[in-house]
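# Notes for the structure review
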Amino acid sequence: MSNLVPPSGVEECKGQALENPAIEAYPARLSELGSLKIRRALPVRGRRMVGPWCFFDRYGPLSFDSRQSKPMDVAPHPHIGLQTVSWLLEGEVVHHDSLGYESLLRPGELNLMTAGRGIAHAEETPEENSGKLNGVQLWVALPKSRRFAAPSFEHRLTLPVIELSGGSATVMMGELGGQRSPASAYSPMVGADLAVHAGERLALPLEKTFEHALMILDGDAELEDQRLESDTLYYIGANRDQMELQSRGGARAMLIGGAPFEETVLLWWNFVARSSQELAAARDAWQRHELFGDVKAYRGPRLDAPEFSGRPIPSRPA
Ligand code: MN
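The structure reproduced in this document is the subject of the present report.

Cut-offs applied
- Residues numbered from 1 in each chain as written.
- Predicted model: local features only at pLDDT ≥ 70, side-chain atom pairs only at ≥ 80, totals over all residues.
- Heavy atoms only, no water.
- Helix = DSSP H or I, 4+ residues; strand = E, 2+ residues; numbered from the N terminus.
- Rg over C-alpha atoms; globule rule 2.2 N^0.38 Å.
- Buried < 20%, exposed > 50% of the residue type's maximum accessible area, 1.4 Å probe, protein only.
- Contact = heavy atoms within 4.5 Å.
- Areas by Shrake-Rupley, 256 points an atom, 1.4 Å probe, with all protein chains shown as cover.
- Lys, Arg positive; Asp, Glu negative; His and termini not counted.
- Charge placed at Lys NZ, Arg CZ, Asp CG, Glu CD.
- Salt bridge = Lys/Arg side-chain N within 4 Å of Asp/Glu carboxyl O.
- Disulfide = S-S within 2.5 Å.
- Phe/Tyr/Trp six-rings, centres within 6.5 Å; stacked < 30°, edge-to-face > 60°.
- Pairing = 2+ DSSP bridges.

Next up on the list: the overall build of the chain. The number of helices and strands found in the chain is one helix and 26 strands. Taking 2.2 N^0.38 as the reference for a compact globule, 318 residues should give roughly 20 Å; the C-alpha atoms of the chain span a radius of gyration of 19 Å, in line with that estimate. Projected onto its principal axes, the C-alpha positions of the chain cover 55 × 50 × 30 Å. Counting the 318 residues in the chain, one finds 57% classified as buried. Of the contacts made within the chain by residues no fewer than 6 positions apart, 74% connect residues no fewer than 24 positions apart. Approximately 13,100 Å² of the chain is accessible, and the part contributed by carbon and sulfur atoms is 47%. In the chain, the 33 positive side-chain charges and the 41 negative ones have mean positions that sit 4 Å from each other.

The structure is reproduced here in structure tokens:
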């Protein structure tokens, strides 16, 4: 996925972790990625990060006729300083990148791209498809120790699933309930797809030192007797050793969390950096066809970077 909104403003993202349990609701912002309507749940005003998670896009569910439309078609674009986490509930997305990886993503599998010092990729609805699309894309900010590392790509076909009273949890990233995802993670975190059985109460163990947030992806759910609305990120604070979700008809939810991220990061377009000079340099490198490499498998032009007009924000020690 590519960040097309806002095209020019630099967002300064610093942790605003609460030390104790809370329930704060942040409605997602509506936006468009080409023809695909998305709801952006992170960053939002007042809540820029949850642990190392700094970006959360939700799209679908939608049905389409593939003879007439291709709902996801994100042309080659660059990333630095982050990991992209792609997860589907329905449908298919094919990923191509400048390292030469091609990966067809299906529901229940994880595509994880670690940009490090720089990579380019494209994401599209494949020619052969189910006519459905429903998923999320999240970004994880890399800590300073990893942000200039070599880029890499992982496609994880199997992930740990924890069976719990009232439902289950698939651990995409990091650790939950003593189960660890095989996907590469560089700071303490969790990313999990939760399933709540109809008419039941899911009791989910949580890491007490993490802050957490969740978003309902399907169905109905209540947290501590509060009904959770769709397309809304619920920040639930920290110092919880468990969370209970109940559902009448069954639900799916995305849980994100982690140790409060200690570095302030700058997010602009598809880059996570520490200074506006670094953002401008990455933009110029992309425009000059330097640093990132080409996505040779994509048919069509690549994305042009927007003009960089971010106000100068000096680099600061982490
Ligand atoms: Mn992308």
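In total, this model carries 19 salt bridges according to the counting rule given. Glutamate 127 is the salt-bridge partner of arginine 299, the closest N and O atoms lying 3.3 Å from each other. Of the two residues, arginine 299 is situated in the segment after α1 (276–287) and glutamate 127 in the loop between β11 (119–124) and β12 (132–141); the sequence distance between them amounts to 172 residues. One salt-bridge network, held together by shared partners, links Lys70, Asp73 and Glu124.

With that out of the way, let us pick up the state of the cysteines. As enumerated under the stated definition, the model contains zero disulfides in all. The thiol sulfur of cysteine 13 is not disulfide-bonded, and the nearest other cysteine sulfur, from cysteine 54, lies at 6.2 Å. Given the relative accessible area of 0%, cysteine 13 is considered buried. Given the relative accessible area of 0%, cysteine 54 is considered buried.

Bringing the packing of aromatic side chains into the picture now. Remark: the centre distance and the inter-plane angle together describe each pair of aromatic rings, the angle taken between the planes. Throughout the structure, instances matching the rule amount to eight aromatic pairs. Considering the side-chain rings of tyrosine 101 and phenylalanine 153, the 5.4 Å spacing of their centres and the 40° angle between planes classify their relative orientation as tilted. Linking tyrosine 101 in the loop between β8 (93–97) and β9 (102–105) with phenylalanine 153 in strand β13 (residues 152–156), this pair joins segments that are 52 residues apart in sequence. Here phenylalanine 153 falls in the buried class, since its relative accessible area comes to 9%.

The next subject is the sheet that holds strand β18 (residues 200–205). Here we have four strands laid out as an open sheet, ordered β18-β23-β20-β21, and antiparallel in their pairing. Two strands bound the open sheet, and with one partner strand each, they are β18 and β21 (226–227). By the bridge criterion, two bridges tie strand β20 (residues 222–223) to β21 in an arrangement that is antiparallel. Of the residues in β21, the one forming a bridge with leucine 223 is glutamine 226.

So, about the pairing of strand β3 (residues 29–33). The sheet contact formed by β3 and strand β4 (residues 36–42) spans five bridges and is antiparallel. Residue pairing across strands places serine 31 opposite isoleucine 38, the latter belonging to β4. Between β3 and β4, which pair antiparallel in sequence order, lie two residues; one of them, glycine 34, sits at a positive phi of approximately 60°.

Bringing the pairing of strand β22 (residues 232–237) into the picture now. Extensive coverage of β22 is indicated by the burial of six of its six residues. Taking every second residue as pointing to the same face, both faces of β22 are buried, with Thr232, Tyr234 and Ile236 on one and Leu233, Tyr235 and Gly237 on the other. Examined bridge by bridge, strand β2 (residues 21–27) and β22 share five bridges and lie antiparallel to one another. The residue bridging proline 27 from the neighbouring strand is threonine 232, located in β22. With three bridges joining them, strand β19 (residues 211–219) and β22 adopt antiparallel strand pairing. Within β22, the residue paired with leucine 214 across the bridge is tyrosine 234.

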